[in-house]
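Architecture at a glance
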Amino acid sequence: MAIKVHGSPVSPASKRVLLCLEEKQLDYEFVLVDLSTGQQKKEPFISLNPFGQVPGFEDGDLKLFESRAITRYIAHAYADKGTPLISEDPKKMAVIGVWLEVESQRFDAAGQKLTFEILVKPMKGLTTDDAAVEQLQGQLAAVLDVYEARLGKSKYLSGEEFSLADLHHVPIIAYLMMTKVKAVFDARPCVSAWAAALLARPAWLKVNKA
């Protein structure tokens, strides 16, 4: 049975999974979930993810939700395909694990909210909270100061090779680069070069073009 991703092309979480599949050069079927009509809150999708959020994922009889859990599964189950995203070396994998946690707990905490305030709210006819944006930019800047120091020592977050830790950042970075928050990245040369390299990856260009 083919891999299926149930998601939305505007969802960063959906794009995270699609990017992982593209890096792994795997065939898959994309099943569109119409967020504008609340399809994600109804059957049949709600049986796939009881929290009613995209993406949902199927690989044969395996059904998963939560984008980062899905990408971890893909990276391990298809370790021999496409781009290596994890390591068999426990020490290298531990470092990848650290930056996976940093992305989900620190980077995304600011990045996701900034995306919502600056891009999503206006699309929904809501008013952006400028004070919140200011506070979140400061929060993101503090995180990227740590990244700048790290990326001054290695090309990617977990070392010299692109990994799942870098991959998880890409969709939110892509959205933030369309906003004034780009200046926060540009002010840090190592972070700026890293972000540019991520957004230039052929797999991402393919996902973004779809």
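Residues numbered from 1 in each chain as written. Predicted model: local features only at pLDDT ≥ 70, side-chain atom pairs only at ≥ 80, totals over all residues. Heavy atoms only, no water.

Taking an unreviewed UniProt entry as the reference, the protein chain is identified by name as glutathione transferase belonging to Salvia divinorum. UniProt's Catalytic activity (unreviewed entry) comment on the protein chain is quoted here verbatim: "RX + glutathione = an S-substituted glutathione + a halide anion + H(+)". The record in UniProt for the protein chain states the following under Sequence similarities (unreviewed entry): "Belongs to the GST superfamily. Phi family." (UniProt positions renumbered as here; feature names shortened; annotations may be inferred.)

1. Considerations on the sheet that holds strand β1 (residues 3-7)
Strand order in the open sheet made by the 4 strands is β2-β1-β3-β4, with mixed pairing throughout. Single-partner strands in this sheet number two, and they are β2 (28-32) and β4 (62-65). Taking each pair of neighbouring strands and ignoring which way they run, the sheet shows an average axis angle of 20°. Pairing geometry for β1 and strand β3 (residues 56-59), over 4 bridges, is antiparallel. Bridge assignment links Val5 to a residue of β3, and that residue is Phe57. Packed on one face of the sheet, helix α1 (residues 12-23) meets β1, β2 and β3 and runs near 155° to β1. Across the sheet, helix α3 (residues 67-77) touches β3 and β4, and the angle it forms with β4 is around 135°. (Pairing = 2+ DSSP bridges. Helix = DSSP H or I, 4+ residues; strand = E, 2+ residues; numbered from the N terminus. Axes fitted to C-alpha atoms, helices over the stretch in contact; angles between N-to-C directions. Contact = heavy atoms within 4.5 Å.)

2. Let's talk about the nonpolar core
One recurring pattern in soluble globular proteins: nonpolar side chains tend to sit buried together. Membership of the largest hydrophobic core comes to 53 residues, with the highest contact counts inside it found for Ile74, Phe107, Leu140, Tyr147, Phe185 and Trp194. Other than its neighbours up to four places away in sequence, Ile74 contacts Val17, Cys20, Leu21, Lys24, Leu26, Phe57 and Ala79. (Core = buried A, V, L, I, M, F, W, Y, C linked by side-chain atoms within 4.5 Å. Buried < 20%, exposed > 50% of the residue type's maximum accessible area, 1.4 Å probe, protein only.)

3. A closer look at the pattern of salt bridges
Tallied over the entire structure, the rule returns 9 salt bridges. Salt-bridge contacts for Asp108 lead to Arg68; the nearest nitrogen and oxygen are separated by 3.5 Å. Taken as a pair, Asp108 in helix α4 (residues 90-123) and Arg68 in helix α3 lie far apart in primary sequence, 40 residues in all. For the pair formed by Asp108 and Arg68, the shared burial category is buried. Here the salt bridges do not stand alone but share partners, grouping Arg16, Arg68, Glu103 and Asp108 into one network. (Salt bridge = Lys/Arg side-chain N within 4 Å of Asp/Glu carboxyl O.)

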